[in-house]
Amino acid sequence: MSVRHFLKDSSISPAEQAEILRLAIEVKADRLRRQPLKGPRAVAVLTDKPTLRTQLSFCVGIAELGGYPMFVDGKLAGVGERESIADVARVLGRQVAAIVWRTHGQDRIEEMAAHAGVPVVNALTDDYHPCQVLADLLTVAEQRGGVDRLAGAKLAYFGDGANNMAQSYLLGGAMAGMEVVIATPPAYRPKAEILAEAEAIADRTGAKVSVTADVAAAASAADVVATDTWVSMGQEADAAARRSPFVPFRVDDALMALAAPEAVFIHCLPAYRGKEMTASVIDGPRSRVWDEAENRLHAQKALLIWLLAGSDG
(Lines give C-alpha, C1' and ligand atoms only; values in the text may rest on other atoms or scores of the structure.)
Protein backbone atom coordinates (compact mmCIF):
# COMPACT_ATOMS: atom_id res chain seq x y z
CA MET A 1 0.00 0.00 0.00
CA SER A 2 1.38 3.40 -0.96
CA VAL A 3 0.84 6.27 1.45
CA ARG A 4 0.95 9.95 0.51
CA HIS A 5 1.92 12.57 3.06
CA PHE A 6 1.84 16.38 3.08
CA LEU A 7 4.93 17.31 5.07
CA LYS A 8 5.78 20.53 3.25
CA ASP A 9 4.46 22.47 0.27
CA SER A 10 6.59 20.53 -2.21
CA SER A 11 5.42 17.11 -0.98
CA ILE A 12 3.05 17.32 -3.94
CA SER A 13 3.68 18.32 -7.55
CA PRO A 14 2.49 21.58 -9.13
CA ALA A 15 -0.21 19.63 -11.02
CA GLU A 16 -1.33 17.95 -7.79
CA GLN A 17 -1.45 21.32 -6.03
CA ALA A 18 -3.77 22.64 -8.74
CA GLU A 19 -5.91 19.50 -8.48
CA ILE A 20 -6.31 19.96 -4.72
CA LEU A 21 -7.19 23.65 -5.11
CA ARG A 22 -9.86 22.84 -7.71
CA LEU A 23 -11.22 20.18 -5.39
CA ALA A 24 -11.32 22.77 -2.60
CA ILE A 25 -13.49 25.03 -4.75
CA GLU A 26 -15.84 22.10 -5.37
CA VAL A 27 -15.93 21.17 -1.68
CA LYS A 28 -16.62 24.75 -0.65
CA ALA A 29 -19.64 24.90 -2.98
CA ASP A 30 -21.16 21.73 -1.46
CA ARG A 31 -19.68 21.11 1.96
CA LEU A 32 -21.30 17.75 2.76
CA ARG A 33 -21.23 16.07 -0.65
CA ARG A 34 -18.00 14.12 -0.16
CA GLN A 35 -17.66 11.93 2.92
CA PRO A 36 -14.67 9.59 2.58
CA LEU A 37 -14.48 9.28 6.38
CA LYS A 38 -18.06 8.09 6.76
CA GLY A 39 -18.29 5.41 9.38
CA PRO A 40 -17.11 7.47 11.18
CA ARG A 41 -13.38 6.90 10.71
CA ALA A 42 -11.16 8.82 13.09
CA VAL A 43 -8.42 11.31 12.26
CA ALA A 44 -5.93 12.21 14.97
CA VAL A 45 -5.31 15.95 15.36
CA LEU A 46 -2.24 16.54 17.53
CA THR A 47 -0.93 19.92 18.58
CA ASP A 48 2.21 20.87 20.48
CA LYS A 49 1.64 24.61 19.98
CA PRO A 50 -1.20 27.06 20.69
CA THR A 51 -3.98 26.76 18.13
CA LEU A 52 -7.30 28.21 17.06
CA ARG A 53 -7.71 28.02 13.27
CA THR A 54 -5.83 24.73 12.93
CA GLN A 55 -7.88 22.93 15.56
CA LEU A 56 -11.14 24.50 14.43
CA SER A 57 -10.74 23.96 10.69
CA PHE A 58 -9.44 20.41 10.89
CA CYS A 59 -11.98 19.27 13.48
CA VAL A 60 -14.91 20.80 11.60
CA GLY A 61 -13.57 19.54 8.28
CA ILE A 62 -13.07 15.97 9.49
CA ALA A 63 -16.63 15.93 10.86
CA GLU A 64 -18.02 17.29 7.57
CA LEU A 65 -16.14 14.51 5.75
CA GLY A 66 -18.11 12.01 7.84
CA GLY A 67 -15.30 11.31 10.29
CA TYR A 68 -14.44 11.75 13.93
CA PRO A 69 -11.72 14.24 14.91
CA MET A 70 -9.68 12.81 17.78
CA PHE A 71 -7.96 15.83 19.31
CA VAL A 72 -4.72 15.00 21.13
CA ASP A 73 -2.86 17.49 23.32
CA GLY A 74 0.75 16.85 22.32
CA LYS A 75 2.14 18.22 25.57
CA LEU A 76 -0.15 16.01 27.64
CA ALA A 77 0.72 12.98 25.53
CA GLY A 78 4.42 13.83 25.72
CA VAL A 79 5.11 12.88 22.10
CA GLY A 80 8.85 12.37 21.71
CA GLU A 81 9.42 12.69 25.47
CA ARG A 82 7.18 10.34 27.41
CA GLU A 83 7.03 8.09 24.38
CA SER A 84 9.03 8.03 21.17
CA ILE A 85 7.57 9.57 18.03
CA ALA A 86 7.96 6.25 16.23
CA ASP A 87 5.97 4.38 18.90
CA VAL A 88 3.24 7.04 18.94
CA ALA A 89 3.03 6.80 15.14
CA ARG A 90 2.65 3.01 15.25
CA VAL A 91 -0.11 3.24 17.86
CA LEU A 92 -2.02 5.96 16.02
CA GLY A 93 -1.61 4.42 12.58
CA ARG A 94 -3.47 1.27 13.60
CA GLN A 95 -6.52 3.22 14.78
CA VAL A 96 -6.93 6.34 12.64
CA ALA A 97 -7.29 7.10 8.93
CA ALA A 98 -4.82 10.01 9.00
CA ILE A 99 -2.69 12.06 11.38
CA VAL A 100 -2.57 15.86 11.50
CA TRP A 101 0.23 17.35 13.59
CA ARG A 102 1.12 20.92 14.60
CA THR A 103 4.58 20.69 16.08
CA HIS A 104 8.09 22.16 16.27
CA GLY A 105 10.97 20.62 14.32
CA GLN A 106 10.41 19.36 10.79
CA ASP A 107 12.29 16.21 11.74
CA ARG A 108 9.48 15.33 14.16
CA ILE A 109 6.76 15.19 11.53
CA GLU A 110 9.05 13.37 9.11
CA GLU A 111 9.65 10.71 11.75
CA MET A 112 5.91 10.41 12.36
CA ALA A 113 5.32 9.88 8.63
CA ALA A 114 8.05 7.25 8.44
CA HIS A 115 6.29 5.01 10.96
CA ALA A 116 2.54 5.80 10.81
CA GLY A 117 1.40 3.83 7.77
CA VAL A 118 -1.36 6.42 7.15
CA PRO A 119 -1.26 9.92 5.64
CA VAL A 120 0.44 12.50 7.84
CA VAL A 121 -0.32 16.21 7.39
CA ASN A 122 1.91 19.07 8.50
CA ALA A 123 -0.44 21.49 10.25
CA LEU A 124 2.57 23.73 11.06
CA THR A 125 6.23 23.24 11.89
CA ASP A 126 8.98 25.74 12.59
CA ASP A 127 10.02 25.61 8.91
CA TYR A 128 6.73 25.32 7.01
CA HIS A 129 3.00 26.10 7.17
CA PRO A 130 1.80 24.38 3.99
CA CYS A 131 -1.89 24.05 4.87
CA GLN A 132 -2.08 27.80 5.41
CA VAL A 133 -0.50 28.44 2.03
CA LEU A 134 -3.02 26.11 0.34
CA ALA A 135 -5.77 28.21 1.93
CA ASP A 136 -4.04 31.42 0.83
CA LEU A 137 -3.72 30.17 -2.76
CA LEU A 138 -7.40 29.23 -2.71
CA THR A 139 -8.23 32.76 -1.52
CA VAL A 140 -6.15 34.35 -4.27
CA ALA A 141 -7.60 32.00 -6.90
CA GLU A 142 -11.12 33.06 -5.88
CA GLN A 143 -10.12 36.70 -6.12
CA ARG A 144 -8.54 36.27 -9.56
CA GLY A 145 -11.22 34.05 -11.07
CA GLY A 146 -9.71 30.58 -11.02
CA VAL A 147 -6.78 28.34 -10.14
CA ASP A 148 -5.29 28.77 -13.62
CA ARG A 149 -4.99 32.50 -13.00
CA LEU A 150 -2.56 32.13 -10.11
CA ALA A 151 0.34 31.86 -12.55
CA GLY A 152 1.98 35.21 -13.10
CA ALA A 153 0.39 36.90 -10.08
CA LYS A 154 2.82 38.75 -7.82
CA LEU A 155 2.73 37.94 -4.10
CA ALA A 156 4.82 40.21 -1.90
CA TYR A 157 5.45 39.18 1.69
CA PHE A 158 6.75 41.65 4.30
CA GLY A 159 8.37 40.79 7.61
CA ASP A 160 10.32 37.85 8.97
CA GLY A 161 11.71 36.04 5.94
CA ALA A 162 13.02 33.18 8.06
CA ASN A 163 9.66 32.10 9.46
CA ASN A 164 7.47 29.25 8.28
CA MET A 165 5.03 31.44 6.33
CA ALA A 166 7.73 33.11 4.22
CA GLN A 167 9.36 29.77 3.48
CA SER A 168 6.09 28.11 2.54
CA TYR A 169 5.14 31.06 0.34
CA LEU A 170 8.38 30.55 -1.58
CA LEU A 171 7.66 26.87 -2.24
CA GLY A 172 3.88 27.00 -2.64
CA GLY A 173 3.92 30.16 -4.72
CA ALA A 174 6.65 28.82 -7.00
CA MET A 175 4.63 25.66 -7.55
CA ALA A 176 1.63 27.79 -8.58
CA GLY A 177 3.75 29.73 -11.10
CA MET A 178 3.58 33.00 -9.16
CA GLU A 179 6.14 35.73 -8.63
CA VAL A 180 6.99 35.59 -4.93
CA VAL A 181 8.99 38.39 -3.35
CA ILE A 182 10.08 38.14 0.29
CA ALA A 183 10.82 41.60 1.69
CA THR A 184 12.81 41.20 4.90
CA PRO A 185 15.81 42.61 6.76
CA PRO A 186 19.09 40.97 5.63
CA ALA A 187 19.46 39.17 8.97
CA TYR A 188 16.12 37.41 8.53
CA ARG A 189 16.43 35.80 5.11
CA PRO A 190 14.84 32.40 4.45
CA LYS A 191 16.98 29.29 4.84
CA ALA A 192 19.33 28.98 1.88
CA GLU A 193 18.28 25.42 1.11
CA ILE A 194 14.59 26.34 1.03
CA LEU A 195 15.23 29.32 -1.26
CA ALA A 196 17.30 27.05 -3.51
CA GLU A 197 14.48 24.52 -3.68
CA ALA A 198 11.99 27.28 -4.54
CA GLU A 199 14.31 28.52 -7.29
CA ALA A 200 14.54 25.01 -8.74
CA ILE A 201 10.74 24.69 -8.72
CA ALA A 202 10.41 28.12 -10.33
CA ASP A 203 12.71 27.02 -13.16
CA ARG A 204 10.20 24.26 -13.97
CA THR A 205 6.97 26.24 -13.53
CA GLY A 206 7.94 29.63 -14.94
CA ALA A 207 7.61 31.28 -11.53
CA LYS A 208 9.93 33.89 -10.04
CA VAL A 209 11.21 33.98 -6.47
CA SER A 210 13.40 36.60 -4.82
CA VAL A 211 14.40 38.07 -1.47
CA THR A 212 14.99 41.80 -0.97
CA ALA A 213 15.26 44.49 1.67
CA ASP A 214 13.70 47.04 -0.74
CA VAL A 215 10.15 47.51 0.54
CA ALA A 216 9.02 49.79 -2.30
CA ALA A 217 10.29 47.46 -5.03
CA ALA A 218 8.62 44.47 -3.39
CA ALA A 219 5.28 46.26 -3.08
CA SER A 220 5.33 47.73 -6.59
CA ALA A 221 2.47 46.29 -8.68
CA ALA A 222 1.92 43.42 -6.22
CA ASP A 223 -1.36 41.57 -6.66
CA VAL A 224 -1.23 40.11 -3.16
CA VAL A 225 0.33 41.70 -0.08
CA ALA A 226 1.03 39.35 2.82
CA THR A 227 2.55 39.62 6.25
CA ASP A 228 2.80 37.70 9.51
CA THR A 229 3.57 38.38 13.14
CA TRP A 230 7.10 39.57 13.83
CA VAL A 231 7.36 37.21 16.80
CA SER A 232 6.59 33.57 16.03
CA MET A 233 5.73 30.99 18.67
CA GLY A 234 8.79 30.23 20.76
CA GLN A 235 10.37 33.65 20.14
CA GLU A 236 8.42 35.57 22.78
CA ALA A 237 11.51 36.24 24.90
CA ASP A 238 13.06 38.12 21.96
CA ALA A 239 9.98 40.23 21.19
CA ALA A 240 11.51 43.59 22.11
CA ALA A 241 14.71 43.00 20.13
CA ARG A 242 12.82 41.74 17.09
CA ARG A 243 10.51 44.76 16.82
CA SER A 244 12.97 47.40 15.59
CA PRO A 245 14.28 45.60 12.45
CA PHE A 246 10.77 44.98 11.15
CA VAL A 247 9.18 48.43 11.62
CA PRO A 248 10.16 49.52 8.06
CA PHE A 249 8.36 46.41 6.75
CA ARG A 250 5.01 47.21 8.38
CA VAL A 251 2.10 47.00 5.92
CA ASP A 252 0.24 50.32 6.01
CA ASP A 253 -1.86 52.36 3.61
CA ALA A 254 1.23 53.91 2.00
CA LEU A 255 2.65 50.49 1.21
CA MET A 256 -0.69 49.24 -0.12
CA ALA A 257 -0.84 52.29 -2.40
CA LEU A 258 2.27 50.96 -4.18
CA ALA A 259 0.56 47.66 -4.98
CA ALA A 260 -1.68 46.98 -7.96
CA PRO A 261 -5.08 48.75 -7.85
CA GLU A 262 -6.94 45.47 -7.22
CA ALA A 263 -4.37 44.09 -4.78
CA VAL A 264 -5.62 42.23 -1.72
CA PHE A 265 -4.13 41.84 1.75
CA ILE A 266 -3.76 38.51 3.51
CA HIS A 267 -2.49 37.45 6.95
CA CYS A 268 -2.50 33.95 8.45
CA LEU A 269 -3.53 35.28 11.91
CA PRO A 270 -3.31 35.94 14.79
CA ALA A 271 -2.66 39.56 13.85
CA TYR A 272 -1.32 42.42 15.95
CA ARG A 273 -2.68 45.74 14.77
CA GLY A 274 -0.14 48.55 14.94
CA LYS A 275 2.77 46.13 14.58
CA GLU A 276 3.12 44.09 11.38
CA MET A 277 0.19 45.93 9.80
CA THR A 278 -2.13 48.81 10.60
CA ALA A 279 -5.77 48.43 11.55
CA SER A 280 -6.74 50.39 8.44
CA VAL A 281 -5.25 47.64 6.27
CA ILE A 282 -6.48 44.49 8.00
CA ASP A 283 -9.94 45.97 8.64
CA GLY A 284 -10.11 47.77 5.30
CA PRO A 285 -11.83 46.90 2.00
CA ARG A 286 -8.78 45.18 0.48
CA SER A 287 -8.41 42.71 3.34
CA ARG A 288 -9.30 39.08 2.64
CA VAL A 289 -8.13 37.66 5.96
CA TRP A 290 -11.54 36.33 7.01
CA ASP A 291 -12.05 34.56 3.68
CA GLU A 292 -8.54 33.22 4.11
CA ALA A 293 -9.30 31.90 7.61
CA GLU A 294 -12.45 30.16 6.37
CA ASN A 295 -10.56 28.68 3.45
CA ARG A 296 -8.37 26.70 5.84
CA LEU A 297 -11.45 24.49 6.24
CA HIS A 298 -12.09 23.95 2.53
CA ALA A 299 -8.46 23.55 1.47
CA GLN A 300 -7.76 21.03 4.22
CA LYS A 301 -10.87 19.02 3.45
CA ALA A 302 -9.77 18.82 -0.17
CA LEU A 303 -6.27 17.81 0.94
CA LEU A 304 -7.60 15.01 3.16
CA ILE A 305 -9.89 13.73 0.41
CA TRP A 306 -6.96 13.71 -2.01
CA LEU A 307 -4.52 12.05 0.40
CA LEU A 308 -6.99 9.35 1.40
CA ALA A 309 -7.82 8.57 -2.21
CA GLY A 310 -4.12 8.33 -3.05
CA SER A 311 -3.32 6.11 -0.08
CA ASP A 312 -5.98 3.43 -0.35
CA GLY A 313 -3.77 1.05 -2.28
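First, a word on scope: everything that follows refers to the structure included in this document.

Conventions adopted
- Residues numbered from 1 in each chain as written.
- Predicted model: local features only at pLDDT ≥ 70, side-chain atom pairs only at ≥ 80, totals over all residues.
- Heavy atoms only, no water.
- Helix = DSSP H or I, 4+ residues; strand = E, 2+ residues; numbered from the N terminus.
- Expected span 1.5 Å × (residues − 1).
- Buried < 20%, exposed > 50% of the residue type's maximum accessible area, 1.4 Å probe, protein only.
- Phe/Tyr/Trp six-rings, centres within 6.5 Å; stacked < 30°, edge-to-face > 60°.
- Pairing = 2+ DSSP bridges.
- Right-handed = clockwise from strand over helix to strand, strands pointing away.
- Polar contact = N/O pair within 3.5 Å; in protein donor to acceptor, adjacent residues only side chain to side chain.
- Contact = heavy atoms within 4.5 Å.
- Arc of directions from axis to C-beta.
- Axes fitted to C-alpha atoms, helices over the stretch in contact; angles between N-to-C directions.

With respect to helix α2 (residues 53-64)
For step 1, the next point in the chain: Here α2 contains 12 residues, and its C-alpha end-to-end distance of 16 Å stays within 8% of the 16 Å for a straight helix at 1.5 Å per residue.
For step 2, the next point in the chain: Residues Arg53, Thr54, Ser57, Phe58, Cys59, Gly61, Ile62 and Glu64 constitute the buried set of α2.
For step 3, the next point in the chain: Backbone geometry just downstream of α2 places Gly66 in the positive-phi region, at approximately 90°.

Quick look at the packing of aromatic side chains
For step 1, the next point in the chain: If you walk through the whole model with that rule in mind, you get 3 aromatic pairs.
For step 2, the next point in the chain: Here Tyr188 and Phe246 contribute two aromatic rings whose centre-to-centre distance is 4.7 Å and whose plane-to-plane angle is 55°, an arrangement assigned as tilted. Of this pair, Tyr188 sits in the loop between β6 (179-183) and α8 (192-205) while Phe246 sits in helix α10 (residues 239-246), placing them 58 residues apart in sequence.
For step 3, the next point in the chain: Judged by relative accessible area, which is 18%, Tyr188 ranks as buried.
For step 4, the next point in the chain: Every member of this aromatic cluster is reached through a ring pair, and the members are Tyr188, Trp230 and Phe246.

Section: the environment of Ala240
For step 1, the next point in the chain: Assignment of secondary structure puts Ala240 in helix α10.
For step 2, the next point in the chain: Given the relative accessible area of 71%, Ala240 is considered exposed.
For step 3, the next point in the chain: In sequence terms Ala240 and Leu37 are 203 residues apart; their C-alpha atoms lie 46 Å from each other.

A closer look at the pairing of strand β2 (residues 68-73)
For step 1, the next point in the chain: Two elements, strand β1 (residues 42-47) and β2, share 6 bridges in a ladder whose sense is parallel. Its bridge partner lying in β2, Val45 is registered against Phe71.
For step 2, the next point in the chain: For the handedness criterion, the β-α-β arrangement of β1, α2 and β2 is classed as right-handed.

Details of the side chain of Glu16
For step 1, the next point in the chain: As for its placement among the helices and strands, Glu16 is situated in helix α1 (residues 14-29).
For step 2, the next point in the chain: You can call Glu16 buried: its relative accessible area is 19%.
For step 3, the next point in the chain: Engagement of the side chain of Glu16 in a polar contact is seen with the side chain of Arg4, the distance being 3.1 Å.
For step 4, the next point in the chain: When sequence neighbours within four positions are dropped, the list of residues in contact with Glu16 reads Arg4 and Trp306.

Let's talk about helix α4 (residues 85-93)
For step 1, the next point in the chain: Where α4 is concerned, the buried positions are Ile85, Ala86, Val88, Ala89, Leu92 and Gly93. Down the axis, α4 shows its buried residues gathered within 160° of arc, on one side only.
For step 2, the next point in the chain: Buried residues along α4 sit in contact with β1, β3 (98-102) and α5 (106-116).

A few points about the environment of Arg22
For step 1, the next point in the chain: Secondary-structure assignment places Arg22 in helix α1.
For step 2, the next point in the chain: When the C-alpha atoms of Arg22 and Leu134 are compared, they prove to be 11 Å apart, with 112 residues separating the residues in sequence.
For step 3, the next point in the chain: Residues in contact with Arg22, not counting those within four places in the same chain, are Val147 and Asp148.

Section: the sheet that holds strand β4 (residues 120-124)
For step 1, the next point in the chain: Here 4 strands make up an open sheet; going across it, the order is β2-β1-β3-β4 and the pairing parallel. Either end of the sheet is taken by a strand with one partner, and the two such strands are β2 and β4. Ignoring which end each strand starts from, the neighbouring axes of this sheet average 20° apart.
For step 2, the next point in the chain: When β1 meets β3, the two strands line up parallel, connected through 5 bridges. Across the sheet, residue Thr47 finds its bridge partner in β3, namely Arg102.

Some points on the sheet that holds strand β5 (residues 154-158)
For step 1, the next point in the chain: Taken together, 5 strands build an open sheet; the order of strands is β7-β6-β5-β8-β9 and the sheet is parallel. Each of the sheet's edge strands pairs with one partner strand only, and the pair in question is β7 (208-212) and β9 (264-267). Shown here is a sheet whose adjacent strand axes are inclined to one another by a mean of 20°, direction ignored.
For step 2, the next point in the chain: With 5 bridges joining them, β6 and β7 adopt parallel strand pairing. By the bridge assignment, Val180 is partnered in β7 with Val209.

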